Structures are given as structure tokens and as C-alpha cells.
Amino acid sequence: QPHDMAEVEELTAVDLEQAVKLTPDPNKDDVFHADPAYLWKPQRARGLFGGQLLAQGLYACMQTTPKDFHCHSMHGYFVRAAKTTPLSYHVMHVRDGRSILCRACRAIQDGEVVFICIASFLRHHKEQRAVEGHQVDMPLVPQPHTLPSWQESFAAHLRSQGLTEDQLKARVLVPALPFEYRSCHQVPSKPGEAVQFMHSGEPRATANHWMKTHRPIQSAEERIHQCLAAFLSDYGVLRTCLLRHPDAKVGLMASLDHSIWFHGPFRADEWLLFHSDSPRLAGERGLGRGHFFNTDGTLVMSVVRQADTHLLPPPP
């Protein structure tokens, strides 16, 4: 195992562009296969990272549409926990209109459906004069270059818990992420509670963090950046359900569904601010929602995600 920060950074620099791409089946139309070598299952997770299923499902749908159509929204349902074994995506043409296309996709593993999604596409039109619109304002937060990296923050947290440098080298690998992540809430956590490290131990309503790919993406094509952002959109949105319950323990948190709306072009290899909150947690269901802004404050994407959420009351 690597033992210095340079090796840790290399470990986390997974090629996300390969992780979202699929290979077309040579014998069947509208069927695509994932490379198991690039499937990511986070530590202690029940199955594959949900954002990867979203990204690959969207990528599969995109391969069946003309290039002058762009995705404006997608909606996905997580049916079963997926594994790091062969996985195929089967696309159905729901509608082929002149201006609007609709695709449905099933991800199948070991003969069972593990994920389904539907995506809608609009044809690109020449710029036309239109009534000026509106958007929500980006919150005032520190710029990403002023914030420590995820690894630096986690290492500082472990030092605050009294770990030696040798212990630190062994533990710092635990939170390795395949993308850049910088939290705007650098607050020490309680020992053994990773969620408390990621978010403040004090009750609050919102979370803000910056995200982007580790490496520059050579392609300027809007589609690949949408797929990469779909991957990123899964990280942290459900944790906002826990912000108002800092003392509760998580008995279960299993994703149910996830929706994305793409508002305009952006690059996933440039910093995006993910501002998220949770409108409701009740009846063992938690709802998280969020907005992605680029660095100039433009709202480029919105997401909503729901999970089966069981919180255990704090000990008396």
C-alpha cells in the first residue's frame, strides 16, 4: 500500500472519463457494456457508487441519439445493489421526434435489473432572442483554491485525534476519492464518525463543497461533461439529510432514486460548487436536493435524491 501523500493522490486519481464510458455490443443494437476494471465500490458501501450507474446509464442513452441533441433531464431508480462484475446497459427508444427524443435504459447484472433510468433530449437550436430569465444566487463561500484538499483535511482531523505519523499514513487512505473534493465546512469531527468530519457537528440547514475531476478532460463535448457531473452529483447530497440530526446514528441509508436537470453547458474538470439541503426526513425516507454552480455563479445543474433512511436515536 502507498505510504506518502503523492502516492495517495495518484491512487485517488481514477480516470473518471473511462469510468463513465461503455463499449457497444458487437452483435446487439443499443446494448452497451461496462468495463469491470473501472467500476467503483466505495469502502463499506453495499454496492457500486450510485453516481457511476447514473453516469453510465446517461452515457448509454446518449450513444443512441444524434449529436445535435443534448440531455436536459434524467431520472433514475436504484433497484438492487450492483457489484464490480460484468454489467450491461440496454436502451429502449421511447420517442424519436424532430425536437425531442426520449430514451429508457436498464442496467442488467447476473440476469437481474439493478438500475433503470429515463433521459430526455432536446435539439440544439440557434441562439434566439428571448426574455431574460432568472436563477437562484450562488451562496457566498470560500473559493476552492483557499481550501485544503479532502486528504489534507482528513489528515488534519486524524492529527487532532492524537494519531502518530505512522498511524496517519495507514489511515489516510481510507477516504480516497476518484475526484477532487473541497468542503467549505472544515470542522473537526467526533472520533469514528466520518459523516461528522464531512459536515459540522452542529445542526445546520445546508452544505457547500467544491468538486471537479482530478485530471483535465481533453474533450470539450458537452455530453461527456454531463456524464461526469452525473457521477459527481451522487456524492454528499444525501448527507444533507443528516445535518439537522448530528447526534443520531445511521442504521441504514439506501438510495431509492435520483433526478438531474441540466441547465446549460459547463466543464466537469473545472470547479463546481455543490450547494445542497434537505427539505424533509420522515417516515424512514430522506430527501436531499442541490444546485451546481460554476465559479462565475451560473447555475448549471440541479439534482434531487431520495433514500431509505433509518436513523437510530442517540444513547441516553
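A few points on the structure. (Residues numbered from 1 in each chain as written. Predicted model: local features only at pLDDT ≥ 70, side-chain atom pairs only at ≥ 80, totals over all residues. Heavy atoms only, no water.)

## Comments concerning the overall build of the protein chain
Check the secondary structure of the protein chain and you find seven helices and 12 strands. Counting only residues that meet the buried cut, the protein chain has 49% of its 316 residues in that class. If you sum the accessible surface of the protein chain, you get close to 15900 Å²; carbon and sulfur atoms cover 53% of it. (Helix = DSSP H or I, 4+ residues; strand = E, 2+ residues; numbered from the N terminus. Buried < 20%, exposed > 50% of the residue type's maximum accessible area, 1.4 Å probe, protein only. Areas by Shrake-Rupley, 256 points an atom, 1.4 Å probe, with all protein chains shown as cover.)

## Some thoughts on the sheet that holds strand 3 (residues 69–78)
Judged by pairing direction, the sheet is antiparallel, and its 12 strands sit side by side in the order 1-2-4-5-6-3-9-12-11-10-8-7 without closing on themselves. Only two strands of the sheet have a single neighbouring strand rather than two, namely strand 1 (23–24) and strand 7 (180–183). Across nine bridges, strand 3 lies against strand 6 (residues 112–123) in antiparallel orientation. Within strand 6, the position partnered with serine 73 by the bridge is serine 120. Along the sheet, helix 3 (residues 50–62) contacts strand 2 (31–34), strand 3, strand 4 (87–96), strand 5 (100–109), strand 6, strand 9 (249–262) and strand 12 (299–312); its crossing angle with strand 4, the most-contacted strand, is approximately 50°. Sitting on the sheet, helix 7 (residues 222–232) touches strand 3, strand 8 (206–212), strand 9, strand 11 (285–294) and strand 12, and the angle it makes with strand 3 is about 25°. (Pairing = 2+ DSSP bridges. Contact = heavy atoms within 4.5 Å. Axes fitted to C-alpha atoms, helices over the stretch in contact; angles between N-to-C directions.)

## Details of the pattern of salt bridges
Tallied over the entire structure, the rule returns nine salt bridges. Between lysine 83 and aspartate 110 there is a salt bridge; the shortest N-O distance is 2.6 Å. With a gap of 27 residues between them, lysine 83 in the loop between strand 3 and strand 4 and aspartate 110 in the loop between strand 5 and strand 6 connect regions that are remote in the sequence. Under the relative-accessibility criterion, lysine 83 is labelled partly exposed at 43%. Using a relative accessible area of 56% as the deciding quantity, one classes aspartate 110 as exposed. (Salt bridge = Lys/Arg side-chain N within 4 Å of Asp/Glu carboxyl O.)

## Describing the environment of proline 216
Here proline 216 lies in the loop between strand 8 and helix 7. For proline 216, a relative accessible area of 63% translates into the label exposed. Residues proline 216 and aspartate 269 lie 53 residues apart in sequence; the distance between their C-alpha atoms is 5.5 Å.

## Things to note about the packing of aromatic side chains
The description of two aromatic rings rests on the distance between their centres and on the angle between their planes. Going through the model one piece at a time under the given rule, you end up with eight aromatic pairs. A ring pair is formed by tryptophan 40 and phenylalanine 231, whose centres lie 6.3 Å apart and whose planes are at 20°; its orientation type is stacked. In this pair, tryptophan 40 is assigned in the loop between strand 2 and helix 3 and phenylalanine 231 in helix 7, connecting sequence segments 191 residues apart. Assessed through its relative accessible area of 1%, phenylalanine 231 is described here as buried. Ring centres of phenylalanine 274 and phenylalanine 292 lie 4.1 Å apart, and the angle between their planes is 15°; on these two criteria the pair is classed as stacked. Linking phenylalanine 274 in strand 10 (residues 272–282) with phenylalanine 292 in strand 11, this pair joins segments that are 18 residues apart in sequence. (Phe/Tyr/Trp six-rings, centres within 6.5 Å; stacked < 30°, edge-to-face > 60°.)

## Regarding the nonpolar core
Core analysis: the largest hydrophobic core is formed by 62 residues, its most contacted members being Leu58, Leu87, Tyr89, Phe179 and Met301. Sorting elements by how many residues they give to this core places helix 3 first, with eight residues. If you look at the next biggest cluster of nonpolar residues, it comprises eight residues, including Val141, Cys184, Trp271 and Leu273. (Core = buried A, V, L, I, M, F, W, Y, C linked by side-chain atoms within 4.5 Å.)

## Considering helix 3
Spanning 13 residues, helix 3 covers 18 Å between terminal C-alpha atoms, matching the ideal 18 Å at 1.5 Å per step. Counting buried positions over the 13 residues of helix 3 gives 13, a clear majority of the element. (Expected span 1.5 Å × (residues − 1).)

## Brief notes about the pairing of strand 5
Burial analysis of strand 5 places eight of its 10 residues in the buried class, which makes it a mostly covered element. As paired strands, strand 4 and strand 5 are joined by eight bridges and run antiparallel to one another. Across the sheet, residue aspartate 96 finds its bridge partner in strand 5, namely leucine 101. Where strand 5 lies against strand 6, 10 bridges are found, and the strand directions are antiparallel. The residue of strand 6 that forms the bridge with glutamine 109 is glutamate 112. From the end of strand 5 to the start of strand 6, which pair antiparallel, there are two residues, and aspartate 110 there has a positive phi angle of about 55°.

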